[in-house]
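Structural features, examined
Now for the letters of each chain:
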Amino acid sequence: IEDLAQRSSSDPSNNKQKKWQEILLQQYLYLDMDAHALTFAKGLTQKDPLEPKWWKALSHIQLKANKLEKGLSALIIYGFLTPMTRDELVLAADLYLSLDAPQKAASLYQNVLKEKHSFEIIEKLIQAHIMAHDPKNAIMWIDKGLSSITETSKNQKRTTRLTHLKKQLEHMQKFYALANAVLQSNPL
């Protein structure tokens with residue numbers, strides 16, 4: 001397969017060669033030859049940087065190796081080359097959130113919500129706003145989440161959790177406002 005992936009043609013637009021390269025990459029992954037897969041995927045992205053599937057594969061390989069930043073970078077490039085699916089957008093947002101970039105994560109979660117309402121995404125969006133020290137928007141999304149909940153036992157747990165979280169955020173806002181007022185009246 002390696003020989004076929006190399007010999008088919010040196011022209012990156014050759015579909016026959018791309019098919020063999022794709023098969024070889026899949027075999028590397030299937031056989032847990034991660035180092036070979038990584039080297040090969042990097043080479044493919046350098047030889048044919050406008051092919052989205054190579055960037056997606058590179059992202060997958062990097063994420064499998066727990067290299068989140070590199071995996072996200074490859075996924076971002078993939079997203080510039082082709083529209084991402086809803087799951088890919090959620091993955092990108094989750095990666096941004098885990099890499100401590102909550103504002104970017106919140107933006108992507110909001111884009112996902114435009115496509116389809118999901119309580120799980122609203123919860124992630126709330127978390128992103130909390131991590132970004134943006135309680136005002138977190139509370140706004142809590143209210144949107146609470147208004148979308150139907151009456152089931154599972155949703156009652158969500159309602160309780162969101163209500164408690166909203167109270168905590170409102171309490172924090174009052175505390176910060178009070179602390180700010182004290183600091184303003186008594187400068188050091």
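Up top is the structure these notes are about.
First, a word on scope: everything that follows refers to the structure included in this document. As the structure is a computational prediction, the values presented were derived from the model and not from experiment.

Digging into the overall build of the protein
Helix and strand counts for the protein come out as 10 helices and zero strands. Going from N to C terminus, the protein has its helices and strands arranged as α-α-α-α-α-α-α-α-α-α. For 188 residues, the compact-globule estimate of 2.2 N^0.38 gives 16 Å, and the protein exceeds it by more than 25% at 23 Å. Dimensions of the protein along its principal axes, counting C-alpha atoms only, are 75 × 50 × 25 Å. Counting only residues that meet the buried cut, the protein has 35% of its 188 residues in that class. Accessible surface, the protein as shown: approximately 11800 Å² in total, 56% of it carbon and sulfur. When the 25 basic and 20 acidic side-chain charges of the protein are each reduced to a single mean position, those positions are 3 Å apart.

Observations regarding the nonpolar core
One broad trend across soluble globular proteins is that nonpolar side chains are buried collectively. Membership of the largest hydrophobic core comes to 45 residues, with the highest contact counts inside it found for L25, F40, I61, Y109 and I126. Here the element with the most residues in this core is helix α6 (residues 86–98); it accounts for seven residues. Those residues within four positions of I61 in sequence are excluded, and the remaining contacts are L25, L29, D34, A37, L38 and A41.

Quick notes on the pattern of salt bridges
Across all of its chains, the model carries 10 salt bridges by this definition. For the salt bridge of D48 with K18, the shortest nitrogen-to-oxygen distance reads 3.4 Å. A residue pair is termed long-range when its members are at least 10 positions apart, and D48 in the loop between α3 (34–47) and α4 (52–64) and K18 in helix α2 (residues 15–30) qualify at 30 residues. When its relative accessible area of 14% is taken as the criterion, D48 is described as buried. A salt bridge links K166 to D143; the nearest nitrogen and oxygen atoms lie 2.6 Å apart. Taken together, the residues span a long stretch of sequence, with K166 in helix α10 (residues 153–185) and D143 in helix α9 (residues 135–148) at a distance of 23 residues. Here the salt bridges do not stand alone but share partners, grouping K18, D48 and E51 into one network.

So, the packing of helix α7 (residues 102–115) against helix α8 (residues 119–131)
Relative to each other, α7 and α8 sit at 155°, their axes nearing to 8 Å. For the element pair α7 / α8, the angle class is roughly antiparallel. Considering the relative orientation of α7 and α8, their crossing is left-handed. Where α7 abuts α8, its residues P102, A105, A106, Y109, Q110, V112 and L113 lie against I121, I122, K124, L125, A128, H129 and M131.

Digging into unusual backbone geometry
Here D100, not a glycine, exhibits a phi torsion of approximately 65°, which is positive. Residue position: D100 is located in the loop between α6 and α7.

So, how was this worked out
- Residues numbered from 1 in each chain as written.
- Predicted model: local features only at pLDDT ≥ 70, side-chain atom pairs only at ≥ 80, totals over all residues.
- Heavy atoms only, no water.
- Helix = DSSP H or I, 4+ residues; strand = E, 2+ residues; numbered from the N terminus.
- Rg over C-alpha atoms; globule rule 2.2 N^0.38 Å.
- Buried < 20%, exposed > 50% of the residue type's maximum accessible area, 1.4 Å probe, protein only.
- Areas by Shrake-Rupley, 256 points an atom, 1.4 Å probe, with all protein chains shown as cover.
- Lys, Arg positive; Asp, Glu negative; His and termini not counted.
- Charge placed at Lys NZ, Arg CZ, Asp CG, Glu CD.
- Core = buried A, V, L, I, M, F, W, Y, C linked by side-chain atoms within 4.5 Å.
- Contact = heavy atoms within 4.5 Å.
- Salt bridge = Lys/Arg side-chain N within 4 Å of Asp/Glu carboxyl O.
- Axes fitted to C-alpha atoms, helices over the stretch in contact; angles between N-to-C directions.
- Parallel < 35°, antiparallel > 145°, perpendicular 65-115°, else oblique.
- Left-handed = near helix turned anticlockwise from the far one by under 90°.

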